[in-house]
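# Commentary on secondary and tertiary structure
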Amino acid sequence: MHSQFYVGIVENRDDPLKLGRVQVRVFGVHSENLNDVPTSSLPWAVSLMPATSASLSGIGYSAVGYVEGSMVFVFFQDGESLQNPIIMGSAHGVPVAKSSFVLNSTVEKIEDTTNISTKERVVSTVSPSAPTTLLDTSGKAVAGVSSVSSTPSDGKDSLKAALGKRESSNNYKAINQLGYIGKYQMGAAMLTDLGYVKKGTKNRDLTDPDVWTGKNGVSSRDDFLNNSSEQETAMDAELVMNEKRLTRMGVIDENSTLQEKNGYLATAHLLGTGGARDMKRGVVKTDANGVSGNEYYKLGYKSAAGENPTISPENVVIENPNRVPSVDSTTGNVAKQTTKPTYGFADPNGVYPSYTKEQDTNRLARVQNISKTIVALKESTLDKGVSIANSSDTWTQSPVPYNAKYPFNHVHESESGHVFEVDDTPGNERIHQFHTSGTFTEIDRNGTVVNKIVGDSFEIVERNGYVHIKGSVNITVDGNAAIHVNNNCELEVNGDLNSNIGGNVNWSVAGDFNVKVGGKESHSIGGDFAVDSSNVWLNSGEAAAGGLPTVKGASGVPTFAPLSVGVRGFEALSEFETDDNSQEEIEANNTALQEAGLLDVNPEPPVVSEPEQVKQDPVDDKIVECGMFTTGDVNINEFISNNYKLKDLTKGAKIVDQCGLTDAQIACNLKALAENILEPIKQLYPDVIITSGLRPMGSNSKSQHPLGMAVDIQFTTKVSADYLAIAKQLGALLNYDQLILEYRSDKRVNGAPTTWLHISYTTNGNRRNIFTMNNDKRISNFGELKEVK
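Computed from a predicted structure; not experimentally measured.

### Some words on the overall build of the protein chain
If you tally the helices and strands in the protein chain, you get eleven helices and 20 strands. Among the 789 residues that make up the protein chain, the fraction classed as buried is 39%. When contacts within the protein chain are restricted to residue pairs at least 6 apart in sequence, those whose partners lie at least 24 apart make up 59%. Carbon and sulfur atoms make up 50% of the accessible area of the protein chain, which totals about 45800 Å².

Spelled out as structure tokens, the structure:
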């Protein structure tokens with residue numbers, strides 16, 4: 001069976017079987033044209049679920065996580081038939097428009113939110129980690145344009161006249177505030193495409209003569225501004241080039257009218273051919289100055305027709321006898337333009353992406369554009385100045401404690417706006433649950449809890465309830481308050497009891513009413529005082545009050561140190577920025593970090609969580625010998641022993657030269673380790689797992705891991721108390737260089753220290769050193785094993 005991996009866009013999730021399936025349009029498999037492959041014809045794809053989901057009898061995750069427009073990775077389990085897709089997961093990106101889920105890039109004029117300048121920048125709908133390649137305005141790699149004819153097709157002179165007047169009032173020496181130059185206000189991106197400036201040049205660089213190529217004698221910005229004929233030549237070449245691009249992209253074709261062509265060419269001059277394509281699809285953009293693509297389409301259309309179009313660009317074909325416009329079958333009129341896209345690889349509902357020119361990573365997680373998140377909403381609805389009983393003082397809700405740093409805030413946001421945050425930012429740890437209505441519960445770094453309920457609140461306790469507040473409590477009720485007790489009610493106040501009542505007081509007592517006052521009792525009555533009783537006794541000894549125990553008296557109000565939530569950290573800009581470093585500079589930085597030991601992996605191994613390895617029988621796979629390794633091309637999928645491949649000891653990473661050894665020499669060391677250490681252990685303990693094998697060269701010069709001579713192991717069915725006996729057994733059976741029983745008592749699991757065995761092997765004579773370490777320190781003599789509890 002043959003499987004391949006693809007990228008696709010989710011177009012429908014309304015699964016009639018309610019299995020959580022979605023329909024995905026896959027790049028390289030399905031046409032973008034909905035007439036060729038409508039959404040309803042796309043195969044249904046199932047999703048792989050996380051290990052914590054049983055996916056059985058309602059157990060585990062049931063909700064469909066993907067929405068229309070999600071970019072997902074799929075493979076087809078039926079190989080070349082391509083009818084049974086399985087989704088492996090989704091990917092973040094940086095959408096530039098609702099319609100831009102196509103695997104190319106566009107250069108657009110994007111407003112820089114730093115307010116320093118507005119620049120032309122390559123933006124992409126694919127992952128930010130994609131290789132950087134200079135792309136032209138159609139998303140194609142720039143390969144030089146010297147072969148482009150400088151003579152435009154018929155009808156373009158009127159378009160050039162309209163553009164020259166609109167852009168600069170025909171001023172060849174014009175320079176605008178954004179750095180666009182000349183009569184036609186060309187920027188660095190177009191001048192690069194036309195061959196006048198070098199790749200990577202930005203508008204702000206045009207003043208530097210070194211960025212100019214010298215094409216046709218133009219070696220500086222001044223040369224270009226002072227050469228009117230060369231500007232006309234450049235504009236002619238732009239129109240020819242853009243016409244070819246728009247034809248290739250399907251925006252215009254041989255049946256397009258001259259009005260249409262000039263309209264889209266004018267739009268492409270403003271927004272690039274990608275912007276013209278988006279307009280064709282119903283998404284109208286603006287440039288950095290807020291000028292709409294519609295305005296330039298009308299400008300180009302009018303240059304050919306002598307009048308403005310009376311209908312939208314996508315329906316201008318009404319004037320073209322070679323085309324039949326879409327007609328509403330009910331009214332017979334031309335169908336109205338819909339906001340939904342009429343092509344594939346986009347959300348058919350026109351909803352997602354909900355914002356563009358930003359990473360898909362949640363804003364709360366990347367700490368960007370926070371003013372457009374629920375943080376701003378919560379801050380605008382803080383409860384302030386709430387009155388306190390019998391006091392002129394007030395209290396105010398604790399400030400919103402959001403103070404995250406990337407990458408510590410783990411955020412899940414649903415499509416309706418529910419948000420769950422587990423924030424591990426050092427010093428500002430939080431847990432937050434937010435309902436789209438505004439109701440939320442948040443725990444800040446101090447353990448302070450804020451519960452805000454926008455709707456009604458109900459608390460029902462089926463058994464007993466207990467509340468202990470060690471400080472003070474203030475309760476303010478803006479409406480009425482009613483307390484009903486079906487049995488006895490006990491009220492004990494060790495201090496004073498002050499009751500300030502603005503209205504009447506009514507007591508209705510079905511039985512006796514007893515009052516005992518240890519001191520004086522005073523009544524100040526502004527009106528009448530009336531007592532009706534069958535008998536009134538004064539100082540007769542008949543009073544029955546006094547059956548309750550005597551209370552202790554006030555012990556003083558407890559005081560606490562004030563709590564704070566910290567000053568909100570810096571909020572980064574939200575617009576995606578490409579890295580200004582070259583690939584060579586990035587690689588040099590990484591090399592420097594490696595050489596400094598900052599990329600080393602020498603911490604304790606992880607807590608056991610991997611499944612037990614099943615013994616493999618390499619019947620059809622020959623065990624490779626040391627002499628069979630090829631330097632510079634070691635295959636980590638080779639078996640080096642009966643049960644282990646190289647990749648089992650490298651965590652799937654490629655082996656590289658390090659520590660003065662070639663990759664082939666390191667692979668040979670790993671083979672010796674597998675055969676002499678791991679295979680004997682596997683026979684005794686089938687549940688053994690490798691938590692660390694080959695590691696990158698780091699700061700620990702004595703470590704044998706980077707040499708391929710050491711391995712850390714754990715056992716999935718054993719607890720910490722079992723490791724001492726296992727270490728003693730292996731110490732007696734194996735030929736090893738070092739065997740270390742290692743503990744981390746400061747990292748406990750179920751009350752026991754994290755425990756593992758470190759074993760090394762060398763072909764140059766083994767020392768058989770055995771001892772015990774705890775928290776990275778030796779705690780036993782050589783030859784001695786000790787248990788840590």
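### Notes on the packing of aromatic side chains
Tallied over the full model, the rule gives eleven aromatic pairs. Arranged with centres 5.8 Å apart and planes meeting at 70°, the rings of Tyr196 and Phe224 form a pair that is edge-to-face. Of this pair, Tyr196 sits in the loop between α2 (188–193) and α3 (221–225) while Phe224 is found in helix α3, placing the two residues 28 residues apart along the sequence. Among the aromatic residues, those joined into a ring-pair cluster are Tyr196, Trp212 and Phe224. Directly above the ring of Tyr196 sits Lys215, whose terminal nitrogen or CZ lies 4.9 Å from the centroid. Between Lys378 and the ring centre of Phe440, over which it is positioned, the NZ or CZ distance is 4.5 Å.

### Observations concerning a nonpolar patch on the surface
Side chains of Ile501, Val505, Trp507, Val509, Phe513, Val515 and Val517 sit close together on the surface and give an oily, nonpolar patch of about 710 Å² of accessible area. As for its placement among the helices and strands, Phe513 is situated in the loop between β14 (449–452) and α9 (583–595).

### Considerations on the state of the cysteines
Taken as a whole and assessed by the stated rule, the structure comprises one disulfide. One disulfide bridge connects Cys626 with Cys668, the sulfur atoms lying 1.9 Å from each other. Because the torsion about its S-S bond is 100°, the bridge between Cys626 and Cys668 counts as right-handed. With Cys626 in the loop between α9 and α10 (663–684) and Cys668 in helix α10, this pair connects stretches of sequence that are 42 residues apart. By relative accessible area, Cys626 is classed as partly exposed at 30%.

### Observations concerning the pattern of salt bridges
Opposite charge on two side chains lets them pair, provided their charged atoms get close. Counting across every chain of the model gives 23 salt bridges. Among the ionic pairs, Lys160 bridges to Asp236, the shortest N-O distance being 2.6 Å. Here Asp236 lies in helix α4 (residues 228–248) and Lys160 lies in helix α1 (residues 156–168), a separation of 76 residues in the sequence. Across this residue pair, the class does not change: Lys160 and Asp236 are buried. Asp712 is paired through a salt bridge with Arg695; the nearest N and O atoms lie 2.9 Å apart. With a gap of 17 residues between them, Asp712 in strand β16 (residues 710–715) and Arg695 in the loop between β15 (688–692) and β16 connect regions that are remote in the sequence. For the residue pair Asp712 and Arg695, the accessibility class agrees, reading buried in each case. Salt bridges sharing common partners tie together Lys378, Glu421, Asp423, Arg430 and Glu442.

### Points about α4
Over its 21 residues, α4 extends 30 Å from the first C-alpha to the last, a length consistent with the 30 Å expected when each residue adds 1.5 Å. Counting buried residues along α4, 15 of its 21 residues qualify, which places the element largely inside the surrounding structure. One or two residues past the end of α4 sits Gly250, with phi positive at roughly 85°.

### Looking at the confidence of the model for the protein chain
Mean pLDDT for the protein chain: 78, with 77% of residues reaching 70 or above. Per-residue pLDDT stays below 50 along residues 570–583; that stretch engages in 38 contacts with residues further than four places along the chain or on separate chains. With pLDDT under 50 throughout, residues 596–620 is counted as low confidence; its partners more than four residues away or in other chains account for 54 contacts.

### Topic: the packing of α1 against helix α5 (residues 258–280)
The geometry of α1 relative to α5 is characterised by a closest axis approach of 11 Å and an angle of 35° between their N-to-C directions. Of the two possible hands of crossing, α1 and α5 adopt the one that is right-handed. The segment α1 lies against α5, with Lys156, Ser158, Leu159, Leu163 and Glu167 engaging Leu258, Asn262, Leu265, Ala266 and His269.

### What about the sheet that holds strand β20 (residues 777–778)?
Ordered by their spatial adjacency, six strands build an open sheet running β15-β16-β18-β17-β19-β20, and the pairing between neighbours is mixed. Only two strands of the sheet have a single neighbouring strand rather than two, namely β15 and β20. Here four bridges tie β16 to strand β18 (residues 752–760), and the two strands are oriented antiparallel to one another. Following the sheet pairing, Ile713 is matched in β18 by Leu757. Packing of α10 onto the sheet brings it into contact with β15, β16 and β18, and relative to β16 it is tilted by some 10°. The strands that helix α11 (residues 723–733) touches are β16, β17 (738–749), β18 and β19 (769–774); relative to β18, the one it contacts most, it runs at about 10°.

### Quick look at the sheet that holds strand β12 (residues 430–434)
Spatially, five strands are ordered β10-β11-β12-β13-β14 in an open sheet, and the strand pairing comes out antiparallel. Looking at strand neighbours, the two that pair on one side only are β10 (409–413) and β14, the edges of this open sheet. Pairs of neighbouring strands in the sheet enclose a mean axial angle of 5°, with direction left out of account. Note that β12 and strand β13 (residues 440–443) share four bridges and pair antiparallel. Within the sheet, the bridge partner assigned to His432 lies in β13 and is Glu442.

### Observations regarding empty space enclosed by the protein
Under the counting rule described, the total for this entry stands at three cavities of 30 Å³ or more. What lines the second largest cavity is Lys378, Gln397, Ser398, Pro399, Val400, Pro401, Phe440, Glu442, Asp444 and Val450.

### Considering the side chain of Glu68
Relative to the helices and strands, Glu68 is located in the loop between β3 (44–47) and β4 (71–76). On the basis of relative accessibility, which here comes to 7%, the residue Glu68 falls in the buried class. Polar contacts involving the side chain of Glu68 include one to the side chain of Arg13, which spans 2.9 Å.

### A short note on the pairing of β18
Of all nine residues in β18, eight are buried; the element is thus mostly enclosed. Bridge count for β17 against β18 is nine bridges, and the pairing is antiparallel. Bridged to Tyr743 within β18 is Thr755.

### Brief notes about helix α6 (residues 293–305)
A rise of 1.5 Å per residue sets the reference length of α6, with its 13 residues, at 18 Å; its end C-alpha atoms lie 18 Å apart and thus fit the reference within 8%. Looking at the packing, one finds that the buried side of α6 touches α1 and α5. Where α6 begins, the side chain of Ser292 points an oxygen toward the backbone nitrogen of Asn294, at a separation of 3.0 Å.

### With respect to the packing of α4 against α5
Where α4 meets α5, the axes come as close as 10 Å, and the angle between the chain directions of the two elements is 85°. It follows from the interaxial angle that α4 and α5 lie roughly perpendicular. On the side of α4, the interface is formed by Met235, Glu238, Leu239, Asn242, Glu243, Arg245 and Leu246, while α5 contributes Lys261, Tyr264, Leu265, Ala268, His269, Thr273 and Ala276. For the contact of α4 with α5, the residue count by class is seven nonpolar, three polar and four charged.

Conventions and cut-offs
- Within every chain, residues take consecutive numbers counted from 1 along the sequence as written.
- In view of the model being predicted, local features appear only for residues whose pLDDT reaches at least 70, and side-chain atom pairs are presented and counted only at 80 or more, with totals across whole chains, interfaces and linings using the full set of residues.
- Hydrogens and waters are ignored; side-chain quantities use all the structure's heavy atoms.
- What counts as a helix is a DSSP run of H or I of at least four residues, what counts as a strand is a run of E of at least two, and both are numbered from the N terminus.
- Burial classes: relative accessible area under 20% of the type maximum marks a residue as buried, over 50% as exposed, and values in between as partly exposed (1.4 Å probe, protein chains only).
- Contacts were defined at the residue level, with two residues in contact if any of their heavy atoms lie within 4.5 Å.
- Each accessible area is a Shrake-Rupley result for a 1.4 Å probe, and residues are judged covered by the shown protein chains and nothing else.
- The aromatic pairing rule takes the rings of Phe, Tyr and Trp, using the six-membered ring of Trp, and pairs them if the centres are within 6.5 Å, calling planes under 30 degrees apart stacked, those over 60 edge-to-face and the rest tilted.
- Counting as a charge over the ring demands two things of the Lys NZ or Arg CZ atom: a distance within 6 Å of the ring centre and an angle within 35 degrees of the ring normal.
- Residues enter patches when they are more than 30% accessible in relative terms and free of salt bridges; like-charged ones are connected within 9 Å and nonpolar ones (Val, Leu, Ile, Met, Phe, Trp, Tyr) within 5 Å.
- Any Lys or Arg side-chain nitrogen found within 4 Å of a carboxyl oxygen on Asp or Glu counts as a salt bridge.
- Disulfide: a pair of cysteine sulfur atoms within 2.5 Å of each other.
- Expected helix span is given by 1.5 Å per residue-to-residue step, counting one fewer step than there are residues.
- A residue's pLDDT is simply how confident the predictor is in it, with values from 0 to 100.
- The angle between two axes is taken between their N-to-C directions and runs from 0 to 180 degrees, where each axis is a line fitted to C-alpha atoms and a helix contributes only its stretch in contact.
- Rotating anticlockwise by less than a right angle from the far helix to the near helix defines a left-handed crossing, while the corresponding clockwise rotation defines a right-handed one.
- DSSP-based pairing: two strands are paired if at least 2 bridges between them are found.
- Points on a 1 Å grid over protein atoms alone make up a cavity when a 1.4 Å probe fits among them but cannot get out, and a pocket when they form an open set with protein on both sides within 12 Å along at least five of seven lines; lining residues each have an atom within 4 Å of a point.
- Grid points are joined across faces, edges and corners, and a volume is the space filled by probe spheres set on the points.
- Polar contacts, as used here, are pairs of N or O atoms within 3.5 Å; protein pairs need one atom able to donate a hydrogen and one able to accept it. Residues neighboring in sequence count only if both atoms are side-chain atoms.
- Working rule for angles: under 35 degrees goes down as roughly parallel, over 145 as roughly antiparallel, 65 to 115 as roughly perpendicular, anything else as oblique.
- The nonpolar class holds Ala, Val, Leu, Ile, Met, Phe, Trp, Tyr, Cys and Pro. Asp, Glu, Lys and Arg form the charged class, and all remaining residues, Gly among them, are polar.

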